[in-house]
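Examination of the molecular architecture
Spelled out from the first residue to the last, the chains are:
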Amino acid sequence: MSDEHQQHAHQSFETRAIHAGNTADPLTGAVVPPIYQVSTYKQDGVGGLRGGYEYSRSANPTRTALEENLAALESGRRGLAFASGLAAEDCLLRALLVPGDHVVIPNDAYGGTFRLFAKVAERWGVAWSVADTSDPASVRAAVTPRTKLIWVETPSNPLLGITDIAAVSEVARAAGARLVVDNTFASPYLQQPLALGADIVVHSMTKYMGGHSDVVGGALVVNDDALGEELAFHQNAMGAVAGPFDSWLVLRGIKTLAVRMDRHNLNAGRIAEMLVSHPKVTQVYYPGLPDHPGHEVAAKQMRGFGGMVSFRVEGGEEAAVEVCNRARLFTLGESLGGVESLIEHPGRMTHASVAGSALEVPADLVRLSVGIEAVDDQLADLTRALG
Ligand code: PLP
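Residues numbered from 1 in each chain as written. Predicted model: local features only at pLDDT ≥ 70, side-chain atom pairs only at ≥ 80, totals over all residues. Heavy atoms only, no water.

The next subject is the overall build of the protein chain. Scanning the protein chain from N- to C-terminus turns up 14 helices and 12 strands. For 387 residues, the compact-globule formula gives about 21 Å, and the C-alpha radius of gyration of the protein chain, at 21 Å, lands near that figure. The long-range fraction of contacts in the protein chain, counting pairs at least 24 apart against all pairs at least 6 apart in sequence, stands at 72%. Approximately 15,600 Å² of the protein chain is accessible, and the part contributed by carbon and sulfur atoms is 54%. (Helix = DSSP H or I, 4+ residues; strand = E, 2+ residues; numbered from the N terminus. Rg over C-alpha atoms; globule rule 2.2 N^0.38 Å. Contact = heavy atoms within 4.5 Å. Areas by Shrake-Rupley, 256 points an atom, 1.4 Å probe, with all protein chains shown as cover.)

Structure representation (structure tokens):
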């Protein structure tokens, strides 16, 4: 892993995305890693492993290619690929927390992340409290002597809140806690949390990394070898690994991550501008807008503002649901980050699990995952759907 690290450390992101981990297949010279759809490997005498591979839960060559690529993309030392984003999060929690520990979680986060803490980890004795992570003082106030992790999602899902990663990493360091950043919305092309002081990066690779709405996967990336070993031990011990075909799909998606993100940024910026001036829209959440409270921090720590836009409409929940139902090019569906545009109602869909909690989202909120179709077609569809 460290040879791979050194080889790509000087290269720009786009080059790393295409080449890191993608070494030519030693058997055939195939220029992309083949799908090693295999569970076990012949040994030359007991313990005589030919290529270091023993059993595909522990390691598989296609997954290794993706894991080396992930480490290079986040400028980390170790990447680990899982069956889903939540499997990655679960591995992290169980590897690093014991009963009695405490975690600070954001007041705006993916509903499934909240559910993992509130409905699963809590049963195992892990305490949590909620902070407004866009305000480092709020994070500091939520820390207890047992705080082991501070969890940040930036931009956040679904309200596009921005957290100053460098500032919160100082709070974490002072508290002796580790900082976890869910980098799903930004992708490593737009934001490099490890370089800003985070200890662990989490991804739902289902989103921008895969990029084509055809695979579910998750990742952890760290820049500390001992921590990487600890997580890899738990990845194997608990077993929710990414399969070879899923790893291959994500590797393929990542090759175009930079060009896709550039287009997502452009289209989302145009759509946010249109929504701001639309008479039926009461509020627009997009960090690229100059009056977004996190705009300056986002401009400092991100290369672009991303492809996610949320907005509230006049007429309350029913009006928001109607907009979702009327859209055509924007497909009504959960998830995000694919080349195709999606629209959804977070209150009834992705964030239904946070109803009644501190993370509850406004009922009149609509969330867009702005795809890379022609922006004029996207604008026409939304204008029609808003009526
Ligand atoms: N983190 C964020 C920001 C997400 O949006 C999601 C899923 O929507 C997850 C984590 C969980 O990932 P997965 O659905 O791949 O388990």
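What follows concerns the domain arrangement of the protein chain. Domain annotation of the protein chain identifies domain 1 (3-254) and domain 2 (257-386). Relative placement of domain 1 and domain 2: their C-alpha centres are 26 Å apart. Taken residue by residue, the interface counts 40 residues in domain 1 and 42 residues in domain 2. Buried surface at the junction of domain 1 and domain 2, summed over both partners, amounts to about 3,300 Å²; 64% is from carbon and sulfur atoms. Counting the contacts that link domain 1 with domain 2 gives 1 salt bridge. Across the pair aspartate 164 and lysine 300 runs a salt bridge whose closest N-O atoms are separated by 3.0 Å. Our count for the contact surface shared by domain 1 and domain 2 stands at 18 residue pairs in polar contact (both at pLDDT 80 or more). (Domains from an automatic or database assignment. Buried area = accessible area lost by both parts, 1.4 Å probe. Salt bridge = Lys/Arg side-chain N within 4 Å of Asp/Glu carboxyl O. Polar contact = N/O pair within 3.5 Å; in protein donor to acceptor, adjacent residues only side chain to side chain.)

Let us look at the packing of aromatic side chains. Summed over all chains, the structure comprises 5 aromatic pairs. Measuring from centroid to centroid gives 5.7 Å for tyrosine 41 and tyrosine 53, while their planes differ by 35°, and the two rings are tilted. Linking tyrosine 41 in the loop between helix 2 (13-19) and helix 3 (61-73) with tyrosine 53 in the loop between helix 2 and helix 3, this pair joins segments that are 12 residues apart in sequence. Classification of tyrosine 41 by relative accessible area gives buried; the value is 16%. For the ring pair phenylalanine 114 and tryptophan 128, a centre distance of 5.4 Å and an interplane angle of 85° mean the geometry is edge-to-face. Taken together, the positions of phenylalanine 114 in helix 5 (residues 111-120) and tryptophan 128 in strand 3 (residues 127-131) put the pair 14 residues apart, joining distant regions of the chain. Above the face of the tyrosine 110 ring, lysine 207 is positioned so that its terminal group lies 5.9 Å from the ring centre. (Phe/Tyr/Trp six-rings, centres within 6.5 Å; stacked < 30°, edge-to-face > 60°. Buried < 20%, exposed > 50% of the residue type's maximum accessible area, 1.4 Å probe, protein only. Lys NZ or Arg CZ within 6 Å of the ring centre and 35° of its normal.)

What follows deals with the sheet that holds strand 6 (residues 200-204). Pairing in this open sheet of 7 strands is mixed, and the strands run 1-7-6-5-4-2-3 from one edge to the other. With partners counted over all chains shown, the strands left at the sheet margins are strand 1 (78-82) and strand 3, one partner each. Direction aside, neighbouring strands of the sheet carry axes that sit 20° apart on average. As defined by bridge partners, strand 5 (residues 178-182) adjoins strand 6 across 3 bridges and the pair is classed as parallel. Each residue of the ladder has a partner; that of valine 180, found in strand 6, is isoleucine 200. Of the strands in this sheet, strand 1 and strand 7 (218-222) are in contact with helix 3, which crosses strand 1 at around 130°. (Pairing = 2+ DSSP bridges. Axes fitted to C-alpha atoms, helices over the stretch in contact; angles between N-to-C directions.)

Here asparagine 157 shows up in the loop between strand 4 (147-153) and helix 7 (165-175). Side chain to side chain, asparagine 157 and arginine 367 meet in a polar contact 2.7 Å long. Not counting residues up to four positions away in its chain, the partners in contact with asparagine 157 are Asp108, Ala109, Tyr110, Phe185, Leu336, His351 and Arg367.

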